[in-house]
Amino acid sequence: MSRSNGVLPAELTHLLCNVRRQLCATAVIRGLGILVVLLIVGLFAGILCDLQWELSIAVRFMFPTLLLVLGSLALIRWVLRPLLKRHSLADLAALVEKTHPELAERLTSAIELHDPQLSEAERGSQVMRELLVQQTVKRIAALDGSDAVPTLSAWRWALAASVAILVFLAPFVWAPTPYRQALTRFVDPWSNLDSVGT
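Quick look at the structure, then. (Residues numbered from 1 in each chain as written. Predicted model: local features only at pLDDT ≥ 70, side-chain atom pairs only at ≥ 80, totals over all residues. Heavy atoms only, no water.)

## Notes on the pattern of salt bridges
- Taken as a whole and judged by the stated rule, the model has 1 salt bridge.
- Two residues, arginine 185 and aspartate 50, come together in a salt bridge whose shortest N-O distance is 2.7 Å. Of this pair, arginine 185 sits in helix 9 (residues 176–187) while aspartate 50 sits in helix 1 (residues 10–53), and the two are 135 residues apart along the sequence.
- Owing to a relative accessible area of 3%, arginine 185 belongs among the buried residues under this scheme.
- Looking at aspartate 50, the relative accessible area reads 6%, which means it is buried. (Salt bridge = Lys/Arg side-chain N within 4 Å of Asp/Glu carboxyl O. Helix = DSSP H or I, 4+ residues; strand = E, 2+ residues; numbered from the N terminus. Buried < 20%, exposed > 50% of the residue type's maximum accessible area, 1.4 Å probe, protein only.)

Rendered as C-alpha cells:
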C-alpha cells in the first residue's frame, strides 16, 4: 500500500493524538492547581492584612482587584496558553521516544519522512519508507502514549490545591461567624462591617 501522499497510518496518528490529549490534560490539571493555590494564598494574605492593620476601604478594594488580575494572568499563563499550544507531530513523536528508547527513532523518522512538504527526492525510497512505517506500527502496537507525558508536577499541584481548599474551608467549622465576616470584608470592601479583631 503506497503512502507517498504523506498520509500517516492510523496507528501512528492515534498514538500521537493520545499523547497530545495527555499533554493538554496534564497542563490543565497543573494550571488549575497553580491557579487555586494562588487565589487562596492571596485571599488569606488579604484577610490577614486586614485583621492585622484594619485596612481602609480603598486598600481593601485593591486586594480583591489585584487578586482578580493575578488570577486572570495565571489562568492565561498556566491554563489557556498550554491548552492552546500547538505540538508538531515530530515533537510528540520525540516525547514518546524519550520514554521508549527501544523505538530507536523509528517514530520520528516515520513522521519526518511523511511530511507532505518534503519532495519525493528528499524522502528517499518509497519501499524503505513503507518498511519503516510497518516496523514502527509493530513496535508501537502495545503503546498508548500515556506514559510519555510527565504527570508528577500536575498531580503535586492538584494535591496542593486540594490542601489549599481544605485550609480555606476549615475555619467555617471552628469559627464560622468571624471567618465569614472577615471573608465578606475582603470580598465586598464596601460592606459596612467592623474588622473581626475589633
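## A few points about empty space enclosed by the protein
- On inspection of all chains with the given rule, the structure shows 1 cavity of 30 Å³ or more.
- Here the largest cavity is characterised by a volume of approximately 30 Å³.
- Along its surface, the largest cavity is lined by Gly46, Asp50, Leu55, Arg60, Phe63, Arg185 and Phe186.
- When residues of the lining of the largest cavity are traced back to their parent elements, those giving at least two are helix 1, helix 2 (57–84) and helix 9.
- By residue class, the composition of the lining of the largest cavity is 3 nonpolar, 1 polar and 3 charged. (1 Å grid on protein atoms, 1.4 Å probe; cavity = no way out; pocket = protein on both sides within 12 Å on 5 of 7 lines; lining within 4 Å. Points joined across faces, edges and corners; volume = space filled by probe spheres on them. Nonpolar A, V, L, I, M, F, W, Y, C, P; charged D, E, K, R; others polar.)

## Description of the layout of surface pockets
- What the largest pocket holds in volume is close to 300 Å³.
- Lining the largest pocket are 14 residues, and of these Leu23, Thr26, Ala27, Arg30 and Pro82 lie nearest its centre.
- For the lining of the largest pocket, the secondary structure elements donating two or more residues are helix 1, helix 2 and helix 7 (152–169).
- The greatest single-element share of the lining of the largest pocket, amounting to 5 residues, is contributed by helix 1.
- Of the residues assigned to the lining of the largest pocket, the class counts are 8 nonpolar, 3 polar and 3 charged.

## Looking at the packing of aromatic side chains
- Applying the stated criterion to the full structure yields 6 aromatic pairs.
- Here phenylalanine 168 and phenylalanine 172 contribute two aromatic rings whose centre-to-centre distance is 6.3 Å and whose plane-to-plane angle is 85°, an arrangement assigned as edge-to-face.
- For phenylalanine 168, a relative accessible area of 18% translates into the label buried.
- Using a relative accessible area of 27% as the deciding quantity, one classes phenylalanine 172 as partly exposed.
- Each member of the aromatic cluster is reached from another via a ring pair, and the members are Phe44, Phe168, Phe172 and Tyr179. (Phe/Tyr/Trp six-rings, centres within 6.5 Å; stacked < 30°, edge-to-face > 60°.)

All quantities given are derived from atomic positions and should not be read as evidence of function.
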